[in-house]
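Residue-level structural notes
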Amino acid sequence: MRKLRETFWPSAGWKRAFQYGWRRVWRLSGTPHAIAIGVAAGVFSSCTPFVGFHILIAMLFAWILRGNLIASAIGTFVGNPLTFPAIWFVVYEVGRYMVGAPTGVDPDIAGTLQSERAFDMILPLLVPLTAGAIPVGIVLGSVSYVLTRSGVEAYQLRRRQSLAERANARVPFLDPQPPAGETLE
């Protein structure tokens, strides 16, 4: 029961869980570009209405764009039960505008899926959701690319500097010039 509660409400808080996730992304091995492409692919796929396939879609896009596959899986966590209602509302409205669907369409997804004519009724919702996912996904993916790349670059630079400082502090006596009168053997 504790593990189930911890899944939906971390004891350390959401801020700590969010920071931990970002630190995991920063520590991935790879170039900042590859990691950022992976996260952007994950964010893009989270905008699609194909729940259950987000990680596969993200990994496919990351693989095609030569991004980090693990980062793409982490990027899909942008789409979660807390953010899906907002994402789908924006995606549906953008898609409805793009497709030209009438404004009277009621996006009652739960009721539609429980109906006996679910397939006939879901198609009018799926087309705007799919069409709207492309521009919204590109915008959110681009924003996440910029944020992730700058964060990874800053982390990797600090890490290299820290390692160099530790290496210099650990071996201060290595001097290529031997003391006067001595020879290296």
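Only a predicted model underlies this, so the values are computations on that prediction, with no experimental measurement involved.

1. A closer look at the overall build of the protein chain
- If you tally the helices and strands in the protein chain, you get eight helices and zero strands.
- Per-residue burial for the protein chain yields a buried fraction of 32% across its 185 residues.
- Put simply, 68% of the contacts in the protein chain that link residues at least 6 apart link residues at least 24 apart.
- Carbon and sulfur atoms provide 67% of the accessible area of the protein chain, an area that totals close to 13000 Å².

2. Quick notes on helix H6 (residues 84-99)
- Helix length check: H6, at 16 residues, gives a terminal C-alpha distance of 21 Å against a target of 22 Å (1.5 Å per residue), a fit within 8%.
- Along H6, the residues that are buried comprise Phe84, Ile87, Val91, Tyr92, Gly95 and Arg96. All buried residues of H6 fall inside an arc of 155° around its axis, so they share one side. Seen from the open side of H6, the exposed residues pointing more than 90 degrees away from its buried face are Phe89 and Tyr97.
- Directly beyond the C-terminal end of H6, a positive phi value near 85° is found at Gly100.

3. Points about the packing of aromatic side chains
- This structure, assessed with the given rule, holds two aromatic pairs.
- With a centroid separation of 5.3 Å and 85° between ring planes, the pair formed by Phe44 and Phe61 is classed as edge-to-face. Residue Phe44 is located in helix H3 (residues 32-46), and its partner Phe61 is located in helix H4 (residues 54-64); the two are separated by 17 residues in the primary sequence.
- Its relative accessible area of 16% is what places Phe44 among the buried residues.

4. Structural notes on the pattern of salt bridges
- Enumeration over the complete set of coordinates arrives at two salt bridges.
- A salt bridge links Arg96 to Glu93; the nearest nitrogen and oxygen atoms lie 2.7 Å apart. Placement of the pair is Arg96 and Glu93 together in helix H6, with a separation of three residues, close to one helical turn.
- By relative accessible area, which is 17% here, Arg96 ends up buried.
- Across the pair Arg149 and Glu153 runs a salt bridge whose closest N-O atoms are separated by 3.0 Å. Remark: Glu153 and Arg149 occur in helix H8 (residues 118-170); sequence separation between them is four residues, near one turn of the helix.

5. Examining the nonpolar core
- Cys47, Ile87, Val91, Tyr92, Ile122, Leu125, Leu129, Ala133 and Val136 together form the largest nonpolar core, which totals nine residues.
- Those elements that place two or more of their residues in this core are H6 and H8.
- The leading source of residues in this core is H8, at five residues.
- Membership of the second largest hydrophobic core comes to seven residues, among which are Val25, Leu28, Ile35 and Ala71.

6. Quick look at a nonpolar patch on the surface
- Side chains of Phe50, Phe53, Leu56, Tyr97, Met98, Val99, Leu123, Leu126 and Val127 sit close together on the surface and give an oily, nonpolar patch of about 900 Å² of accessible area.
- Listing elements by their share of the nonpolar patch, those giving two or more residues are H6 and H8.
- Within the secondary structure layout, Val127 lies in helix H8.

7. A few points about H4
- Residues His54, Ile57, Ala58 and Ala62 constitute the buried set of H4. Seen from one end, H4 has its buried residues packed into an arc of 130°, which puts them on one side. Summarising the geometry of H4, the exposed residues directed more than 90 degrees from the buried face are Leu56, Trp63 and Ile64.
- Buried residues belonging to H4 abut H3, helix H5 (69-75) and H6.

Each value, and the rule that gives it
- Residues numbered from 1 in each chain as written.
- Predicted model: local features only at pLDDT ≥ 70, side-chain atom pairs only at ≥ 80, totals over all residues.
- Heavy atoms only, no water.
- Helix = DSSP H or I, 4+ residues; strand = E, 2+ residues; numbered from the N terminus.
- Buried < 20%, exposed > 50% of the residue type's maximum accessible area, 1.4 Å probe, protein only.
- Contact = heavy atoms within 4.5 Å.
- Areas by Shrake-Rupley, 256 points an atom, 1.4 Å probe, with all protein chains shown as cover.
- Expected span 1.5 Å × (residues − 1).
- Arc of directions from axis to C-beta.
- Phe/Tyr/Trp six-rings, centres within 6.5 Å; stacked < 30°, edge-to-face > 60°.
- Salt bridge = Lys/Arg side-chain N within 4 Å of Asp/Glu carboxyl O.
- Core = buried A, V, L, I, M, F, W, Y, C linked by side-chain atoms within 4.5 Å.
- Patch = residues over 30% accessible without salt bridge, like charges linked within 9 Å, V, L, I, M, F, W, Y side chains within 5 Å.

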